[in-house]
Amino acid sequence: MADFTSNPLFGITLSIIAFQIGMWINQKLKTPLANPLIIAMLLVVGVLTLFGIDLDSYEKGSSFIYMFLAPVTAVLALTVYRQRKVLLSAFFPVVLGTFAGSLAALSSVLASSRLFGLDATMIASLLSKSVTTPIAIALTEQFGGYPALTIASTVITGLAGNLLAPALAQVFRIKDPVAHGVGIGSCSHALGTSKALEIGEVQGAMSSISISLSAFWTVLLAPLFV
């Protein structure tokens, strides 16, 4: 058993199978609450716990998936290119919108962290939760935070955006596709963008470009909040 689980193929195979099961359940139930990523996470945790498999053994293979985060994010540029005319016509609103979104994300983390009495290390770990994972981890390491906590908070933030984006648009009566896409990308990075792409191509393109712009603003503004 130990030889099997220590093989790098174990981690990546388990991740793929768990996500495929999550996709199947999502298609059967047809509800946003049955998010494939959440289901996959629960399945992986369940298997590791049930069979007493060491986390390090799983990460030998699952770490390969992390390598694809940056390339997958870059691929979103294709959607932006297809909607370049819309982007050019709304360039300044998009830039200002991502700036406001990044400022709001950083301010809310600092305010809530101080409210609950979190120390500077915890704040540094949570500040970049709304940007794409590779940049979030780099910022956390620069500020002396905990990368593991950053990854967890980033995933939770992305999942929240993925699940709540359609409902929040209805609650706040956001009908403009550009505004909707910018809002999603500014606060919930790639996971939210996957939902934006389902909602519409314009929303997906604006959310995609917002990932990069929000990361840019966060890198500039984050040192002011540490």
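Before any of the text, the structure's been laid out above.
These lines cover the structure that appears in this document, whether it is placed above or below.

Each value, and the rule that gives it
Residues numbered from 1 in each chain as written. Predicted model: local features only at pLDDT ≥ 70, side-chain atom pairs only at ≥ 80, totals over all residues. Heavy atoms only, no water. Helix = DSSP H or I, 4+ residues; strand = E, 2+ residues; numbered from the N terminus. Rg over C-alpha atoms; globule rule 2.2 N^0.38 Å. Buried < 20%, exposed > 50% of the residue type's maximum accessible area, 1.4 Å probe, protein only. Areas by Shrake-Rupley, 256 points an atom, 1.4 Å probe, with all protein chains shown as cover. Lys, Arg positive; Asp, Glu negative; His and termini not counted. Charge placed at Lys NZ, Arg CZ, Asp CG, Glu CD. Core = buried A, V, L, I, M, F, W, Y, C linked by side-chain atoms within 4.5 Å. Contact = heavy atoms within 4.5 Å.

**Side note on the overall build of the protein**
Regarding its fold elements, the protein presents 13 helices and 0 strands. Of the regular secondary structure in the protein, the N- to C-terminal order runs α-α-α-α-α-α-α-α-α-α-α-α-α. Relative to its length of 226 residues, the protein is compact, with a C-alpha radius of gyration of 18 Å against a globular reference of 17 Å. When the backbone C-alpha atoms are referred to their principal axes, the protein occupies close to 60 × 45 × 30 Å. In the protein, buried positions account for 40% of the 226 residues. Total accessible area computed for the protein in this model is approximately 12600 Å², and 72% of it derives from carbon and sulfur atoms. Across the protein, 11 positive and 9 negative side-chain charges occur, with their mean positions spaced 18 Å apart.

**A look at the nonpolar core**
With 24 residues, the main nonpolar core has V94 and M206 as its most contacted residues. Breaking this core down by element, the ones donating at least two residues are α8 (91–115), α9 (120–126), α10 (133–143), α12 (177–199) and α13 (201–221). By residue number, the principal contributor to this core is α13, which donates 6 residues. Setting aside residues up to four positions removed in sequence, M206 forms contacts with Q83, V86, L87, V94, V178, G181 and V182.

**Quick notes on the side chain of S186**
In this structure, S186 sits in helix α12. Overall, S186 belongs to the buried group, its relative accessible area being 5%. With residues up to four places along the chain from it excluded, the contact list for S186 reads G97, T98, G101, S130, S210 and S214.

Limitation: the analysis is restricted to geometry and does not speak to function.
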